[in-house]
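# Structural features, examined
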Amino acid sequence: MRHFLDLATPGKAALRAILDEAHRRKAARAGKPRGAVDDDAPLAGHVLAMIFEKPSTRTRFSFDVGIRQLGGTSIVTSSSDMQLGRGETVADTARVLSRFVDAIMIRTAAHETVEGLAEFGSLPVINGLTDLSHPCQAMADLMTVEERLGQSVEGTCWAWVGDGNNMAHSLIEAASVMGFDLKLGVPHGYDPDQAVMATACARGGSIDVVRSAVAAVEGAKVVVTDTWVSMGQADTKDKASAMKPFAVTPLLMSKAAEGAVFLHCLPAHRGEEVLDQVIDGPASAVWDEAENRLHVQKAIMLWCLGKIG
Ligand code: CP
Ligand code: NVA
């Protein structure tokens, strides 16, 4: 059974196959209406369950449009509308959904919920964001960088600035699996998870935490940030003041490598982690990055269902 819970387990060959499929399918359907099915309709007859415990715009729309473009259909629900929301166990939910649908995409707080569905179901489970990680978004980031730089991500130099959060964790895993350098500029007290860092470094990744935004971006071809306050986190004055020197400004972008690309998974808090001049400026690839959620997730679904790789 192929699950997509993190970026370490599938391995480099699988991630490469997913990226290649996403690039190929994006090019193949250029100019088609958004709702048109891909010529080969590879998931005709398949149903994807999408379960949301937290809000979502990009993940919701891209998975829903994506499964339709592959010829399949979806059922979209919030966990509070399911018996899961009033105490039915994750294990029993997994067993029941396995009788109705072909795959589950879930966005939830506890990573253990995603792992539990995978353990007790008999169908692929896709992590659509947990407090620990956001692997689908990281795959869209890799795809976008390959488009912008016109080369594989392997050997490139990335900077993360801001909070050591779920997005940072997935990019740390991506760096260690795909083989690119990642410097994280993170204030004291907001480091990425130690276990995620240790596992990635043991895998051989060139991943460092530094205490200044400038030190993180120097030489980087890719600069990435995210909200300072993730869904479910406390918005404190202390955190805001610790994060302030890590805002992505035009001056900070000027310290990165020539032609550096700016990424943000969105939603952005303009004037906080990024200024308008950057997110709306020529270095920004954020709208392509958002669109690429669609293309990469189609490839993830195809990989999970054994159609590629
Ligand atoms: N980037 C991302 O996952 O966006 P949503 O929260 O809108 O799904
Ligand atoms: N780190 C953010 C990502 C949103 C897509 C959050 O978890 O809220």
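This section reports on the structure supplied with the text. This is a predicted model, so every value here is computed, not measured. Once a new chain begins, its residue numbering starts again from 1 and follows that chain's sequence as written. A letter from A marks each chain and a number from 1 marks each ligand, given out in the order of writing. Residues qualify for local features only when their pLDDT is at least 70, as the model is predicted, and side-chain atom pairs are given and counted only at 80 or more; totals for whole chains, interfaces and linings, by contrast, use all residues. The side-chain values count all of the structure's non-hydrogen atoms but skip hydrogen atoms and water molecules.

### Regarding the overall build of the chain
Under the DSSP-based scheme used, a helix requires at least four consecutive residues in state H or I and a strand at least two consecutive residues in state E, with every element numbered from the N terminus. Assigned secondary structure in the chain consists of 12 helices and nine strands. Compactness check: the chain gives a C-alpha radius of gyration of 19 Å against a globular reference of 19 Å for 309 residues, within 12% of the reference. Overall, the chain is about 55 × 45 × 35 Å in size when its C-alpha atoms are taken along their principal axes. Note on exposure labels: buried denotes an accessible area under 20% of the residue type's maximum, exposed denotes more than 50%, and partly exposed covers the range between, all computed with a 1.4 Å probe on protein chains only. Taking all 309 residues of the chain together, 54% fall into the buried category. Only heavy atoms enter the contact rule, under which two residues are in contact if any of them lie within 4.5 Å. By sequence separation, contacts in the chain at least 24 residues apart represent 74% of the contacts at least 6 residues apart. Only C-alpha atoms enter the radius of gyration; for comparison, a globular chain is expected to reach 2.2 Å times N to the power 0.38, where N is the number of residues.

### Regarding the nonpolar core
We define the nonpolar core as a collection of buried residues of types Ala, Val, Leu, Ile, Met, Phe, Trp, Tyr and Cys that are connected through side-chain atoms lying within 4.5 Å of one another. In this structure, Phe4, Met139 and Trp158 are the most contacted members of the largest nonpolar core, which totals 57 residues. Tallying contributions element by element places helix α6 (residues 166-178) first for this core, with eight residues. Counting residues in each nonpolar core, the second largest holds 20 residues, with Ala159, Val210, Leu252 and Val274 among its members.

### Details of the packing of helix α2 (residues 58-69) against helix α12 (residues 286-304)
Lines are fitted to the C-alpha atoms to define the axes, a helix being fitted only along its stretch in contact, and any angle between axes, read from their N-to-C directions, falls within 0 to 180 degrees. Interaxial distance between α2 and α12 falls to 8 Å at its minimum, and their mutual angle equals 50 degrees. Considering the angle they form, α2 stands oblique to α12. Pair α2 / α12 crosses with right-handed handedness. For the pair α2 and α12, the contacting residues are Arg58, Thr59, Ser62, Phe63, Val65, Gly66, Ile67 and Gln69 in the first and Ala290, Arg293, Leu294, Gln297, Lys298 and Met301 in the second. Under this grouping Gly is polar, as are all residues other than the nonpolar Ala, Val, Leu, Ile, Met, Phe, Trp, Tyr, Cys and Pro and the charged Asp, Glu, Lys and Arg. Residues belonging to the contact of α2 with α12 are distributed by class as follows: six nonpolar, five polar and three charged. Throughout this description, any angle smaller than 35 degrees is read as roughly parallel, any larger than 145 degrees as roughly antiparallel, any in the 65 to 115 degree range as roughly perpendicular, and the remainder as oblique. Crossing handedness: left-handed means the near helix sits turned counterclockwise from the far one by under a right angle, and right-handed means the same turn made clockwise.

### Observations regarding the sheet that holds strand β4 (residues 125-127)
The strands that make up a sheet are held in pairs by hydrogen bonds between backbone atoms, and each pair lies either parallel or antiparallel. Spatially, β2-β1-β3-β4 is the arrangement adopted by the four strands of the open sheet, whose pairing is parallel. The sheet is open, and its two edges are formed by β2 (73-78) and β4, each paired on a single side. Pairwise comparison of adjacent strand axes, ignoring direction, gives a mean angle of 20 degrees for this sheet. A pair of strands is considered paired only if DSSP assigns at least 2 bridges between the two. Pairing of strand β1 (residues 47-52) with β2 involves six bridges; the strand directions are parallel. Opposite Phe52, over in β2, you have Ser78 as the bridge partner.

### Quick notes on the site of ligand 1
Neighbouring ligand 1 are Ser56, Thr57, Arg58, Thr59, Arg107, His134, Gln137, Cys265, Leu266 and Arg293. Two N or O atoms form a polar contact when they lie within 3.5 Å of each other; inside protein one atom must be a possible hydrogen donor and the other a possible acceptor, and for residues adjacent in sequence the pair counts only when both atoms belong to side chains. Here a nitrogen atom of ligand 1 and a backbone polar atom of Leu266 are 2.9 Å apart. Arg293 places a side-chain nitrogen or oxygen 3.0 Å from an oxygen atom of ligand 1. Coverage of ligand 1 by the protein chains reaches 95% of its 250 Å² of free accessible surface. Here the shell around ligand 1 is composed, by residue class, of two nonpolar, five polar and three charged. It suffices for a single heavy atom of a residue to lie within 4 Å of a molecule or strand for the residue to be listed as near it. Areas reported here follow the Shrake-Rupley algorithm with a probe of radius 1.4 Å; residue values treat only the protein chains shown as occluding.

### Re the site of ligand 2
The environment of ligand 2 is made up of Leu129, Asn165, Asn166, Asp226, Thr227, Ser230, Met231, Cys265 and Leu266. Asn165 is positioned such that a nitrogen or oxygen atom in its side chain is 3.4 Å from a nitrogen atom of ligand 2. Its free accessible area being 270 Å², ligand 2 has 94% of it covered by the protein chains. Taken together, the residues of the shell around ligand 2 break down into four nonpolar, four polar and one charged.

### Topic: the pairing of β1
The side chains of a regular strand alternate, residue by residue, between the two faces of the sheet. Along β1, five of the six residues are buried, which leaves the element largely enclosed by surrounding structure. The parallel pair β1 and β2, bridged by α2, forms a crossover whose chirality is right-handed. Relative to strand β3 (residues 103-107), β1 runs parallel, the two sharing five bridges. If you follow Ile51 over to β3, its bridge partner there is Ile106. Looking down the strands as they point away from you, a crossover is right-handed if its path from the first strand over the helix to the second goes clockwise.

### Notes on the sheet that holds strand β6 (residues 181-185)
With respect to topology, five strands assemble into an open sheet ordered β7-β6-β5-β8-β9, the strand pairing being parallel. Of all the strands in the sheet, just β7 (207-210) and β9 (261-264) have a single pairing partner and so form its edges. Pairwise comparison of adjacent strand axes, ignoring direction, gives a mean angle of 20 degrees for this sheet. Here strand β8 (residues 222-225) pairs with β9 via four bridges, running parallel. Note on β9: the bridge partner recorded for Val224 is Leu263. Seen against the sheet, helix α5 (residues 135-149) touches β5 (157-161), β8 and β9 and runs at an angle of roughly 160 degrees to β9.

### Re helix α3 (residues 90-97)
Taken together, the buried positions of α3 are Ala91, Thr93, Ala94 and Leu97. Down the axis, α3 shows its buried residues gathered within 165 degrees of arc, on one side only. Of the surrounding secondary structure, the elements contacted by the buried residues of α3 are β1, β3 and α4 (111-120). For this quantity, the arc is that covered by the directions from the helix axis to the C-beta atoms.

### Observations concerning the packing of α6 against helix α7 (residues 194-203)
Two elements in contact, α6 and α7, have axes whose closest approach is 8 Å; the angle formed by their N-to-C orientations is 10 degrees. Taken as axis vectors, α6 and α7 run roughly parallel relative to one another. Here His169, Ile172, Glu173, Ser176 and Val177 of α6 come into contact with α7, specifically with Val196, Met197, Ala200 and Arg203.

### Things to note about the environment of Arg203
Position of Arg203 among the secondary structure elements: in helix α7. Exposure remark for Arg203: the relative accessible area of 34% places this residue in the partly exposed category. The contact partners of Arg203, leaving out residues within four places of it in the chain, are Ala8, Glu173, Ser176 and Val177.

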